[in-house]
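So the chains spell out like this:
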Amino acid sequence: MRSGLKAVTLHAVAATCLAWPGVVRGQDADPMITDRPDFTESSATVAPGRFQFELGYTFTKAGDEDRHNFGELLARVGILPWLEGRLGLNSFSALRDPGAEDREGLEDITVAFKARLLRKSKDSPVAVPQLAVLFGADLPSGESGFGSSEIQPGIKLAADWGLSERLNLASNVGYAYLHSDGEHFHQGVGSVAMGYAISDPLVAYVEWYGLFPENRGGGSNHYVNGGLAWGLGPNFQLDWRIGAGLQDPTPNWYTGAGLSFRL
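Residues numbered from 1 in each chain as written. Predicted model: local features only at pLDDT ≥ 70, side-chain atom pairs only at ≥ 80, totals over all residues. Heavy atoms only, no water.

Caption draft 1: A look at the overall build of the protein. When helices and strands are tallied, the protein shows 0 helices and 13 strands. Listed N to C, the secondary structure of the protein is β-β-β-β-β-β-β-β-β-β-β-β-β in terms of helices and strands. Total accessible area on the protein is roughly 11200 Å²; 64% of this is exposed by carbon and sulfur atoms. (Helix = DSSP H or I, 4+ residues; strand = E, 2+ residues; numbered from the N terminus. Areas by Shrake-Rupley, 256 points an atom, 1.4 Å probe, with all protein chains shown as cover.)

Caption draft 2: Up close: the confidence of the model for the protein. A residue-level look at the protein finds 89% of positions with pLDDT of 70 or above and a mean pLDDT of 90. A low-confidence stretch, residues 6–17 (pLDDT under 50), is modelled with 74 contacts involving residues beyond four sequence positions or located in other chains. A low-confidence stretch, residues 19–27 stays under pLDDT 50, and its non-local contacts, those more than four residues away or across chains, total 36 contacts. (pLDDT = per-residue confidence, 0-100. Contact = heavy atoms within 4.5 Å.)

Caption draft 3: A look at the environment of Val-126. Following the sequence through the fold, Val-126 ends up in the loop between β5 (109–118) and β6 (130–139). For Val-126, a relative accessible area of 44% corresponds to the partly exposed category. Separated by 38 residues in sequence, Val-126 and Ser-164 have C-alpha atoms that sit 8.4 Å apart. For Val-126, the contacting residues outside a window of four places in its chain are Lys-120, Trp-161, Gly-162 and Leu-163. (Buried < 20%, exposed > 50% of the residue type's maximum accessible area, 1.4 Å probe, protein only.)

Caption draft 4: Structural view of the packing of aromatic side chains. Per the stated rule, a full pass over the model turns up 6 aromatic pairs. Cluster of aromatic residues (ring-pair linked, three or more members): Phe-39, Tyr-209 and Tyr-223. (Phe/Tyr/Trp six-rings, centres within 6.5 Å; stacked < 30°, edge-to-face > 60°.)

Caption draft 5: A look at the side chain of Gln-187. Within the fold, Gln-187 resides in strand β9 (residues 183–197). From its side chain, Gln-187 meets the backbone oxygen of Pro-213 in a polar contact 3.1 Å long. Here Glu-214 takes part through its backbone oxygen, which lies 3.4 Å from a polar atom of the side chain of Gln-187. (Polar contact = N/O pair within 3.5 Å; in protein donor to acceptor, adjacent residues only side chain to side chain.)

Caption draft 6: A look at the pattern of salt bridges. Following the criterion strictly, the structure yields 16 salt bridges and no others. Notably, a salt bridge pairs Asp-35 with Arg-86, separated by 2.8 Å at the nearest N-O pair. Placement of the pair is Asp-35 in the segment before β1 (51–62) and Arg-86 in strand β3 (residues 83–96), with a sequence separation of 51 residues. The two residues Asp-35 and Arg-86 agree in class, both being buried. Across the pair Arg-216 and Asp-181 runs a salt bridge, and its minimum N-O distance is 3.7 Å. Taken as a pair, Arg-216 in the loop between β10 (202–212) and β11 (221–231) and Asp-181 in the loop between β8 (167–180) and β9 lie far apart in primary sequence, 35 residues in all. By relative accessible area, Asp-181 is classed as exposed at 66%. (Salt bridge = Lys/Arg side-chain N within 4 Å of Asp/Glu carboxyl O.)

Caption draft 7: Expanded view of unusual backbone geometry. In this structure, the amide linkage connecting Arg-36 to the following residue, Pro-37, adopts the cis form with an omega of 15°. Note on placement: Pro-37 falls in the segment before β1. Put simply, Asp-248 and Pro-249 share a cis peptide bond, and its omega is 5°. If you trace the backbone, Pro-249 turns up in the loop between β12 (236–245) and β13 (252–262). Phi at Glu-72 is positive, roughly 50°, even though this residue is not glycine. When you line up the elements, Glu-72 lands in strand β2 (residues 65–80). We classify Glu-72 as buried; its relative accessible area is 0%. A positive phi is found at Asp-181, a non-glycine position, where the angle reads about 55°.

Here is the structure:
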């Protein structure tokens, strides 16, 4: 479900940061900013020399099929003040369908980087965003039916606008060159997320994202979701989300929870 580029290179429902730049989350001069539980990536990078780990579980209901994704591990390491490395070990996925054989397997590993392009200062106008670019690829390491047999590169631009001390707007646009059923195809990605700091440790968000197309030969798919992130100190966060697809099959929804911590 998750990767170093999230779903730019993996056409799956995935989980920007909910410790938004511009939203006050405690008094730490270096607050932990995560890239879960939503789909939109933040423009923030991990500080040099620090390690950050984000993981979770997602249940997806699509028609008669139930899908359980365990792990969703994203390891992030700060390399330079403006650059981080990302290793997405992704998930162990289990599919359950009354009309088909149960299937289980590991998804592909992802290697990626996030580079901050523009850091917003306190004196910058509200209309000026903080920008970053994410680039990397899914490597053909997953099991049959859960991973690809080809390298799948992708790139994504992330933007954040701190609208006030409590309100933040974030958006992503991206592109990936994917492979499925023996053929390559092009995928575009777009998302918009709004986060609000309800209190010092608790942030809520709502979000839309779309995949254009989600699968080879398919059409564009759109999703809406919302959730919470609860910061338990400067280096630990819990999260929860729930969302739904705006297209068939019916039902088409998902929910999940996770945690993030840094060293």
